[in-house]
Amino acid sequence: MSETKEKVAHVWQRDALDWYVEEEFVTRALVKVERFVGPVLDPCCGQGNIVKGLLAAGVQAVGTDIVQRVPEGTPWFLGTADFREVGAISQPNICMNPPFFRAKGAEAFIRKALTVATGKVIAFADIKFLASAGRAKGLYAEFPPNRVWSISPRPSCPPGEFLLAGGEADGGTADWVWMVWDQTAPFYGTQFDWLRAEAVLA
């Protein structure tokens, strides 16, 4: 008699604001390969994983979000704001895990960032967002990224509310990338490489 093994997978209720939290190691790995000139803004900072990772690496970084999810008085938090609005807070560089909203939100945040940043725009995204045929003819034809870093090992990106309730980030089932637009550098085609993060996990 054969044994049937039950496959265990994370099935989370979709967050209303698409607040999903990248693991801290992805930012620690990023700063090993990307440098910033000037301050960095995370306009959808959540509880601050990206901002704190940048600060720990000696990068001047601040954050905003549509909802405040950090304690009052957090020195790097500049306040609540919808980044897509006219006159939203900005900095020379933007590094973010944008709300996905079935890809429309992520693309809107990237497009806005490219209009206000003068340095680098770096977005954390599911590799399926990169592989879209529609964006190949649209966003990436208009604004091709300078670099794409495919993150290894595969990070988990659970809903923030799941983590607040005591859940743990593990067992990621999607592949993620950092997409980099460097507006200070000439464009010689999009470079793709693996961001091997084992060193920062040790």
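It should be emphasised that the depicted structure is a prediction, and the values quoted were computed from it without experimental measurement.

Chemist: Got a minute to help me understand the packing of aromatic side chains in this structure?
Modeler: The geometry of two aromatic rings is summed up by the distance between their centres and the angle between their planes. In this structure the tally under the stated criterion is six aromatic pairs. Ring centres of Phe124 and Trp176 lie 4.8 Å apart, and the angle between their planes is 5°; on these two criteria the pair is classed as stacked. Of this pair, Phe124 sits in strand S5 (residues 120-126) while Trp176 sits in strand S7 (residues 176-182), and the two are 52 residues apart along the sequence. The burial state of Phe124 is the same as that of Trp176; both residues are buried. Taken together through their ring pairs, the aromatic side chains of Phe124, Trp176 and Trp178 make up a single cluster. Above the plane of the ring of Phe83 lies Lys112, whose end atom (NZ or CZ) is 5.3 Å from the centre. Note that Lys120 overlies the ring of Phe36, its terminal NZ or CZ placed 5.8 Å from the centroid.

Chemist: Sorry, what's going on with helix H2 (residues 49-56) here?
Modeler: Side chains that are three or four residues apart share a direction in an α-helix, a result of its 3.6 residues per turn. For H2, the set of buried residues is Asn49, Ile50, Val51, Gly53 and Leu54. Positive phi shows up at Gly58, right after H2, with a value of about 85°.

Chemist: Mind showing me how you'd approach the nonpolar core here?
Modeler: Soluble, globular proteins show a tendency: their nonpolar side chains are buried together. One finds Val40, Leu54, Cys95, Ile122, Ile151 and Trp178 to be the most contacted residues of the largest nonpolar core, which totals 27 residues. Contributions of two or more residues to this core are made by helix H1 (25-30), H2, S5, strand S6 (147-152) and S7. Ranked by residue count, the leading element in this core is H1, at four residues. Not counting the four nearest positions on each side in its chain, Leu54 is found in contact with Thr27, Val31, Phe36, Val40, Val59, Ala61 and Cys95. Counting 22 residues, the second-largest nonpolar core is a separate cluster that includes Met96, Leu114, Ala117 and Met179.

Chemist: Just checking my understanding: could you explain the pattern of salt bridges for this structure?
Modeler: In a structure, side chains of opposite charge can pair up when their charged atoms sit close to one another. In total, this model carries eight salt bridges according to the counting rule given. Across the salt bridge formed by Glu34 and Lys120, the nearest N and O atoms sit 2.6 Å from each other. One end of the pair, Glu34, is in the loop between H1 and strand S1 (40-42); the other, Lys120, is in strand S5, and 86 residues separate them in sequence. Classification of Lys120 as buried rests on a relative accessible area of 9%. With a shortest N-O distance of 2.7 Å, Glu34 and Arg147 are connected by a salt bridge. Taken together, the positions of Glu34 in the loop between H1 and S1 and Arg147 in strand S6 put the pair 113 residues apart, joining distant regions of the chain. Judged by its relative accessible area of 2%, Glu34 falls in the buried class.

The rules behind each value
- Residues numbered from 1 in each chain as written.
- Predicted model: local features only at pLDDT ≥ 70, side-chain atom pairs only at ≥ 80, totals over all residues.
- Heavy atoms only, no water.
- Phe/Tyr/Trp six-rings, centres within 6.5 Å; stacked < 30°, edge-to-face > 60°.
- Helix = DSSP H or I, 4+ residues; strand = E, 2+ residues; numbered from the N terminus.
- Buried < 20%, exposed > 50% of the residue type's maximum accessible area, 1.4 Å probe, protein only.
- Lys NZ or Arg CZ within 6 Å of the ring centre and 35° of its normal.
- Core = buried A, V, L, I, M, F, W, Y, C linked by side-chain atoms within 4.5 Å.
- Contact = heavy atoms within 4.5 Å.
- Salt bridge = Lys/Arg side-chain N within 4 Å of Asp/Glu carboxyl O.

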